[in-house]
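# Overview (structure and organization)
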Amino acid sequence: LDARGIAKGDKVLIHSENCPEMVIVPADPPSATASNPAPTASNVSQQGQVHPRRLRGECPRGSDGKHRQLIHCASLFVLENQLKAAGLDPAEVTPVPEHWGNMGPELDIWLERAAASLATACVATMSVIDFEAIVIDGAMPASVREDLVARTRRAIARHDLRGLPQFTVEAGSIGSDARAMGA
């Protein structure tokens, strides 16, 4: 662990006002030099703020300290921005979900953040409206959708559910047409 509590291999949030990003501290990071200093809160301040916490999927707050809207945490737009920041082609998130390419750890990072954010939205919704089920769907491969649903279920289990009606979280089957149909 370094002075900020970041261990080699930890996943760390670095976010700016425009786009939250998550990076992985390499297991063997390059030595810091005057031209390439180790990341700290002070030398990343132009880009955003360093959050030394292990990946739990939290959607970072905006620079004003306010909670961000779900679209800033669980949308494909966020995944595309993460891919850009990692030097990968955002076109991997294609309109034809079956053609998604290799996104490496960026997909896993997005899935964790999206699942945690969706879980919070599910629990909040269930506290005011009694639904039997919540359906997660969208323009993504079925395997990614199933993974997102499983992670969302696990994230919901970490919430205080006292007083809420029982509900299930299910994967939809409409896919890329879900948004157009108003699902």
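This section reports on the structure supplied with the text.

Calculation criteria
- Residues numbered from 1 in each chain as written.
- Predicted model: local features only at pLDDT ≥ 70, side-chain atom pairs only at ≥ 80, totals over all residues.
- Heavy atoms only, no water.
- Helix = DSSP H or I, 4+ residues; strand = E, 2+ residues; numbered from the N terminus.
- Buried < 20%, exposed > 50% of the residue type's maximum accessible area, 1.4 Å probe, protein only.
- Areas by Shrake-Rupley, 256 points an atom, 1.4 Å probe, with all protein chains shown as cover.
- Salt bridge = Lys/Arg side-chain N within 4 Å of Asp/Glu carboxyl O.
- Core = buried A, V, L, I, M, F, W, Y, C linked by side-chain atoms within 4.5 Å.
- Contact = heavy atoms within 4.5 Å.
- Axes fitted to C-alpha atoms, helices over the stretch in contact; angles between N-to-C directions.
- Left-handed = near helix turned anticlockwise from the far one by under 90°.
- Nonpolar A, V, L, I, M, F, W, Y, C, P; charged D, E, K, R; others polar.

Within the protein, the regular secondary structure consists of four helices and five strands. The linear arrangement of helices and strands in the protein, starting from the amino end, is β-β-β-α-α-α-β-α-β. Every one of the 183 residues in the protein was classed for burial, and the buried ones make up 37%. When the accessible surface of the protein is summed, it comes to about 10,800 Å², and 53% of that surface belongs to carbon and sulfur atoms.

Here the focus is the pattern of salt bridges. Throughout the structure, instances matching the rule amount to six salt bridges. Ionic pairing is found between E112 and R151, a salt bridge with its closest N-O pair at 2.8 Å. A residue pair is termed long-range when its members are at least 10 positions apart, and E112 in helix α3 (residues 105-126) and R151 in helix α4 (residues 142-157) qualify at 39 residues. Linking R145 and D137 is a salt bridge whose minimum nitrogen-to-oxygen distance equals 3.4 Å. Owing to a relative accessible area of 8%, R145 belongs among the buried residues under this scheme. The exposure class of D137 is partly exposed, given its relative accessible area of 21%. Bridged by salt links that share partners, the residues D108, E112, D147 and R151 form one connected network.

Counting residues in hydrophobic clusters, the biggest one holds 27 residues, and the most contacted among them are L79, W100, L107, W110 and L148. Secondary structure elements with two or more residues in this core: α2 (76-85), α3, β4 (133-136) and α4. The leading source of residues in this core is α3, at ten residues. Setting aside residues up to four positions removed in sequence, W110 forms contacts with C73, A74, S75, L76, V78, L79, Q82, M140, V144 and L148.

Our focus in this paragraph is the packing of α2 against α3. Interaxial distance between α2 and α3 falls to 10 Å at its minimum, and their mutual angle equals 145 degrees. In the crossing of α2 with α3, the sense of the turn from one axis to the other is right-handed. Every residue of α3 that contacts α2 at L76, V78, L79, Q82 and L83 is listed here: E106, L107, I109, W110 and R113. Residue composition of the contact of α2 with α3, grouped by class: seven nonpolar, one polar and two charged.

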